[in-house]
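Examination of the molecular architecture
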Amino acid sequence: MGAVRFPALPDFPWDSLAGAAAVARGHHDGVVDLSVGTPVDPVPDAVGEALRAAWDSPGYPQTWGTPALREAAVEALARRHGAGRSPDEGLDPDAVLPTVGSKELVAWLPTLLGLGADDVVAFPDLAYPTYEVGAQLAGARPARVGDHQPLPAGTRLVWLNSPSNPTGRVLDTAALTARVAQARELGAVVAADECYLALPGPGVRATSVLDPVVHGGSVEGLLAVHSLSKTSNLAGYRAGLVVGDPALVAGLLQVRKHAGMIVPRPVQEAMTAALRDDAHVADTRARYDARRGVLRPALEAAGLRVEHSEAGLYLWATADEPCRATVDRLAARGILVAPGEFYGPAGASHVRVALTASDERIAAAARRLAE
Ligand SMILES: Cc1ncc(COP(=O)(O)O)c(C=O)c1O
């Protein structure tokens, strides 16, 4: 084994939650697991039917995705998020590429873009851990950058994430526009991870980087990363998309063809069905709004302060104590949450509480918090 050298990566953070998980599972009425944000609601019927109808798919699927899938993606982005539709605005179906869930793309994008030791990959100071992992896999330099901090010299890729994991915070149009302008000055690619874009809370508007209001009519240097995991309850299917600058997408396609990063054909069919239907997205959004409406006041009544959390799937809460102490106190009530330190040093006294549990489990959590 002396000849191999695996990339140096952090320990998988969730392993460190085993102790708290064991305590929470010991609750007499069962655990309420609000740690990993994994969907629990059913796959929409029409989506499951599309998957079933495509079971007889003996041939290799196209890395690029079927034309129908790419067309459905562009239509959905225009309809749901006001993303520009004309070829001038870059949202040509040719500028869409399906991915094996979005985590895969997040982890490999710096490598696919050919970044290396001289290149900085910037991401928010509180962030989904895979942005840092992606930089490490490429041998590039990861950099946490606060919203109001300038991008470091040498930045070649900037991750945005609105609505945010873990904070549920939404960047307004001015903030998005400013980041895009800074990145363009440096010649850096902007990758906007928009996997929670379709799930803003009541009265909240979350804007896509592909909205012409943000990019001023050109998607040059921009990529939007979308996921059907949360919007359409398809985490188990591994279904994501990257869309944006046609030249960048064409480059990614070339590498991904060589590397065999291909979405299975039945999943491509399921994605097409999901992207054509907005009714199930509205249902999903309403479900999470209701869960947020129960859990947020329950946490506040129990003495936690909830910050941001206006959109997406998470409540970002603090008891002004080290996050592991809050995790342990909640675990003792049978509620499992994620320590904020998973998302960066700035999360050391916060916990992330996912809304991805059944209505019954969310109600159980609220009852336990009131005890
Ligand atoms: C911000 C963010 N990006 C990407 C992902 C990956 O999602 P998936 O691979 O299921 O599309 C997640 C999953 O939780 C996430 O929170």
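Residues numbered from 1 in each chain as written. Predicted model: local features only at pLDDT ≥ 70, side-chain atom pairs only at ≥ 80, totals over all residues. Heavy atoms only, no water.

1. Quick word on the site of the ligand
Taken together, 14 residues lie around the ligand, and Asp 193, Tyr 196, Ser 227, Ser 229 and Arg 238 are the ones closest in. Interatomic distance of 2.8 Å between a backbone N/O atom of Lys 103 and an oxygen atom of the ligand. Coverage of the ligand by the protein chains reaches 91% of its 390 Å² of free accessible surface. Its atoms largely coinciding with the cavity grid, the ligand occupies the largest pocket. Looking at which element gives the most residues to the shell around the ligand, the answer is helix α4 (residues 101–112), with 3 residues. Each residue belonging to the shell around the ligand can be placed in one class, and the counts come to 4 nonpolar, 6 polar and 4 charged. (Near = heavy atom within 4 Å. Polar contact = N/O pair within 3.5 Å; in protein donor to acceptor, adjacent residues only side chain to side chain. Areas by Shrake-Rupley, 256 points an atom, 1.4 Å probe, with all protein chains shown as cover. 1 Å grid on protein atoms, 1.4 Å probe; cavity = no way out; pocket = protein on both sides within 12 Å on 5 of 7 lines; lining within 4 Å. Sits in = over half its atoms within 2 Å of the grid points. Helix = DSSP H or I, 4+ residues; strand = E, 2+ residues; numbered from the N terminus. Nonpolar A, V, L, I, M, F, W, Y, C, P; charged D, E, K, R; others polar.)

2. Focus on the pairing of strand β6 (residues 189–193)
In terms of residue burial, β6 counts as a mostly covered element, since 5 of its 5 residues are buried. Of the pairings in the sheet, the one linking strand β5 (residues 155–161) to β6 comprises 5 bridges and is parallel in character. For Asn 161, the partnering residue across the bridge sits in β6 and is Asp 193. Across 4 bridges, the pairing between β6 and strand β7 (residues 222–227) is parallel. Directly across from Val 190, in β7, lies its bridge partner Leu 222. (Buried < 20%, exposed > 50% of the residue type's maximum accessible area, 1.4 Å probe, protein only. Pairing = 2+ DSSP bridges.)

3. Quick word on unusual backbone geometry
A cis amide bond links Ser 162 to the next residue, Pro 163, at an omega of -10°. Within the fold, Pro 163 resides in the loop between β5 and α6 (173–186). A cis amide bond links Asn 165 with the next residue in sequence, Pro 166, at an omega value of 15°. With respect to the helices and strands, the residue Pro 166 is situated in the loop between β5 and α6. In this structure, Ser 309 takes a positive phi of about 65° despite not being glycine. Secondary-structure assignment places Ser 309 in the loop between β9 (305–307) and β10 (314–318).

4. Regarding the sheet that holds strand β8 (residues 240–244)
Taken together, the 7 strands give an open sheet; going across it, the order is β2-β8-β7-β6-β5-β3-β4, and neighbouring strands pair in mixed fashion. At either margin of the open sheet sits one strand with a lone partner, and together these are β2 (96–99) and β4 (141–145). Direction aside, the axes of adjacent strands within the sheet are offset by 20° on average. Summarising the sheet, β7 and β8 pair through 5 bridges and their orientation is antiparallel. Note on β8: the bridge partner recorded for Val 225 is Val 242. (Axes fitted to C-alpha atoms, helices over the stretch in contact; angles between N-to-C directions.)

5. A look at the environment of Pro 163
Given the relative accessible area of 0%, Pro 163 is considered buried. Each residue touching Pro 163, except ones within four places of it in the same chain, is listed here: Arg 169, Val 170, Tyr 196, Leu 197, Ala 206, Ala 311 and Gly 312. (Contact = heavy atoms within 4.5 Å.)

6. Observations regarding the pattern of salt bridges
Per the counting criterion, the structure on display carries 20 salt bridges. For Arg 368, the salt bridge is made with Asp 29, and the minimal N-O distance between the two is 3.4 Å. You can see Arg 368 sitting in helix α12 (residues 359–370) and its partner Asp 29 sitting in the loop between α1 (18–25) and β1 (32–33), a full 339 residues away along the chain. A salt bridge links Asp 147 to Arg 169, with the shortest nitrogen-to-oxygen separation between them at 2.4 Å. Remark: Arg 169 occurs in the loop between β5 and α6 and Asp 147 occurs in the loop between β4 and β5; sequence separation between them is 22 residues. Its relative accessible area of 33% is what places Asp 147 among the partly exposed residues. Salt bridges linked by common partners bring Asp 29, Glu 360, Arg 361 and Arg 368 together as one network. (Salt bridge = Lys/Arg side-chain N within 4 Å of Asp/Glu carboxyl O.)

7. A few points about the packing of helix α10 (residues 279–301) against α12
Where α10 contacts α12, the two axes come as close as 9 Å, and the packing angle between them is 15°. By the angle between their axes, α10 is roughly parallel relative to α12. Judged by the sense of rotation from one axis to the other, the crossing of α10 with α12 is left-handed. Where α10 abuts α12, its residues Arg 291, Val 294, Leu 295, Ala 298 and Leu 299 lie against Asp 359, Ile 362, Ala 365, Ala 366 and Leu 369. (Parallel < 35°, antiparallel > 145°, perpendicular 65-115°, else oblique. Left-handed = near helix turned anticlockwise from the far one by under 90°.)

8. Some thoughts on the pairing of strand β3 (residues 120–124)
Here β3 lies mainly inside the structure; 5 of its 5 residues are buried. In this sheet, β4 lies alongside β3 in parallel orientation, the contact comprising 5 bridges. Directly across from Val 120, in β4, lies its bridge partner Arg 141. Direction of pairing for β3 relative to β5: parallel, over a ladder of 3 bridges. Residue pairing for β5: Val 120 is matched across the bridge by Thr 155.

9. With respect to the packing of α4 against helix α5 (residues 130–138)
Running from amino to carboxyl end, α4 crosses α5 at an angle of 35°, the nearest separation of the two axes being 7 Å. Handedness of the α4/α5 crossing: right-handed. Contacts between α4 and α5 involve Lys 103, Val 106, Ala 107, Trp 108, Pro 110 and Thr 111 from the former and Thr 130, Tyr 131, Gly 134, Ala 135, Leu 137 and Ala 138 from the latter. Looking at the contact of α4 with α5 residue by residue, the class counts come to 8 nonpolar, 3 polar and 1 charged.

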